[in-house]
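# Descriptive analysis of the structure
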Amino acid sequence: NAGVTQTPKFQVLKTGQSMTLQCAQDMNHEYMSWYRQDPGMGLRLIHYSVGAGITDQGEVPNGYNVSRSTTEDFPLRLLSAAPSQTSVYFCASSLQGEEETQYFGPGTRLLVL
Amino acid sequence: SQQGEEDPQALSIQEGENATMNCSYKTSINNLQWYRQNSGRGLVHLILIRSNEREKHSGRLRVTLDTSKKSSSLLITASRAADTASYFCATERGSTLGRLYFGRGTQLTVWP
């Protein structure tokens with residue numbers, strides 16, 4: 001299994017541009033999440049999905065959209081990039097239920113100029 | 001807002017010494033998990049302790065949980081240079097299964 005994969009690894013955007021961060025998992029996990037990590041901070045939850053067709057907001061959802069059309073994929077869309085969205089983005093997945101370990105992707109480093 | 005807060009923010013020790021990191025949280029939880037992050041990499045799960053457990057071991061790791069104080073500690077015994085990483089605690093609440101709330105982390109440096 002490849003586990004959780006994320007593309008791209010690194011991206012530079014100009015303010016106002018849009019882009020999609022890709023996340024895919026091949027473990028048949030129901031739960032998928034997007035986090036952002038800023039310097040000196042832990043991870044903060046952006047959006048969350050418990051299965052195909054079901055998404056919900058996390059702690060910091062503003063400026064981001066998600067959809068979950070398949071179990072495997074959970075893309076994160078930046079509608080109009082802002083410098084405040086400069087961060088490292090991590091996707092994670094886990095099985096349904098309590099006390100399930102989350103598996104993290106390697107991250108996407110985003111710089112918004 | 002962050003759920004957990006780790007203490008200390010940074011810890012520097014010699015190989016062979018023990019490393020202790022603490023985590024405090026604010027609300028009731030289902031479980032508390034510890035993750036490790038090597039520089040520039042994703043997070044890796046280390047250990048999970050349920051809210052009804054007080055202590056758990058895994059190899060050189062020992063985790064304690066005190067729900068009355070809303071705190072947890074992670075002990076790494078006989079540390080190695082390869083243990084150098086950031087360590088994060090994360091809590092899962094009963095109302096939001098599958099969602100984790102992370103602290104800011106402890107940066108551990110182990111010198112050879």
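Scope of this entry: the structure provided in the associated data block. What you see is a predicted model, and the numbers here were worked out from it, not measured in a lab.

Here we come to the side chain of Asp83 of chain B. All names here are of chain B. Its place among the elements puts Asp83 in the loop between strand 8 (71-76) and strand 9 (85-92). Residue classification places Asp83 among the buried residues on the basis of a relative accessible area of 6%. Looking at Asp83, its side chain comes within polar contact range of the side chain of Arg60, at 2.9 Å. Excluding its chain neighbours within four sequence positions, the residues that come into contact with Asp83 are Arg36, Arg60, Ile76, Leu108 and Val110.

Tallied over the entire structure, the rule returns two disulfides over all chains. Cys23 of chain A shares a disulfide with Cys91 of chain A; S-S distance 1.9 Å. Looking down the S-S bond of the Cys23 of chain A and Cys91 of chain A bridge, the torsion is -70 degrees, so its handedness is left-handed. Here Cys23 of chain A is found in strand 3 (residues 19-25), whereas its partner Cys91 of chain A is found in strand 9 (residues 87-94), with 68 residues between them in sequence. A single burial state applies to Cys23 of chain A and to Cys91 of chain A, both of which are buried. In this model, Cys23 of chain B is linked to Cys89 of chain B through a disulfide, with the two sulfur atoms separated by 2.0 Å. When the S-S torsion is 65 degrees, as for the bridge of Cys23 of chain B with Cys89 of chain B, the disulfide is right-handed. You can see Cys23 of chain B sitting in strand 3 (residues 19-25) and its partner Cys89 of chain B sitting in strand 9, a full 66 residues away along the chain. Each member of the pair, Cys23 of chain B together with Cys89 of chain B, is buried.

Residues and elements named next belong to chain A. Spatially, 1-3-8-7 is the arrangement adopted by the four strands of the open sheet, whose pairing is antiparallel. The sheet terminates laterally at strand 1 (4-7) and strand 7 (64-66), the two strands that pair on one side only. This sheet shows a mean twist of 20 degrees between the axes of neighbouring strands, independent of strand direction. When strand 3 meets strand 8 (residues 76-78), the two strands line up antiparallel, connected through three bridges. From the neighbouring strand, Met19 faces strand 8, where its bridge partner is Leu78.

Let us now look at the pattern of salt bridges. Residue and element names in this part refer to chain B. Tallied over the full model, the rule gives eight salt bridges over all chains. Notably, a salt bridge pairs Arg36 with Asp83, separated by 3.9 Å at the nearest N-O pair. Here the residue Arg36 occupies a position in strand 4 (residues 31-37), and Asp83 occupies one in the loop between strand 8 and strand 9, the gap between them amounting to 47 residues. Arg60 is the partner of Asp83 in a salt bridge, and the nearest nitrogen-oxygen pair spans 2.9 Å. Within this pair, whereas Asp83 is found in the loop between strand 8 and strand 9, its partner Arg60 is found in the loop between strand 6 (55-58) and strand 7 (61-66), the two being separated by 23 residues in sequence.

This part takes up the interface of chain B and chain A. Listed per partner, the contact involves 24 residues of chain B and 25 residues of chain A. With both chains or domains summed, chain B and chain A bury close to 2,000 Å², and 50% of this area falls on carbon and sulfur atoms. For the pair chain B and chain A, the number of links is one salt bridge. Of all the secondary structure elements, the ones that give two or more residues to the side of chain B that touches chain A are strand 4, strand 5 (43-50), strand 9 and strand 10 (101-102) of chain B. The residue makeup of the side of chain B that touches chain A, split by class, is eight nonpolar, eleven polar and five charged.

Cut-offs applied
- Residues numbered from 1 in each chain as written.
- Chains lettered and ligands numbered in written order.
- Predicted model: local features only at pLDDT ≥ 70, side-chain atom pairs only at ≥ 80, totals over all residues.
- Heavy atoms only, no water.
- Helix = DSSP H or I, 4+ residues; strand = E, 2+ residues; numbered from the N terminus.
- Buried < 20%, exposed > 50% of the residue type's maximum accessible area, 1.4 Å probe, protein only.
- Polar contact = N/O pair within 3.5 Å; in protein donor to acceptor, adjacent residues only side chain to side chain.
- Contact = heavy atoms within 4.5 Å.
- Disulfide = S-S within 2.5 Å.
- Pairing = 2+ DSSP bridges.
- Axes fitted to C-alpha atoms, helices over the stretch in contact; angles between N-to-C directions.
- Salt bridge = Lys/Arg side-chain N within 4 Å of Asp/Glu carboxyl O.
- Buried area = accessible area lost by both parts, 1.4 Å probe.
- Nonpolar A, V, L, I, M, F, W, Y, C, P; charged D, E, K, R; others polar.

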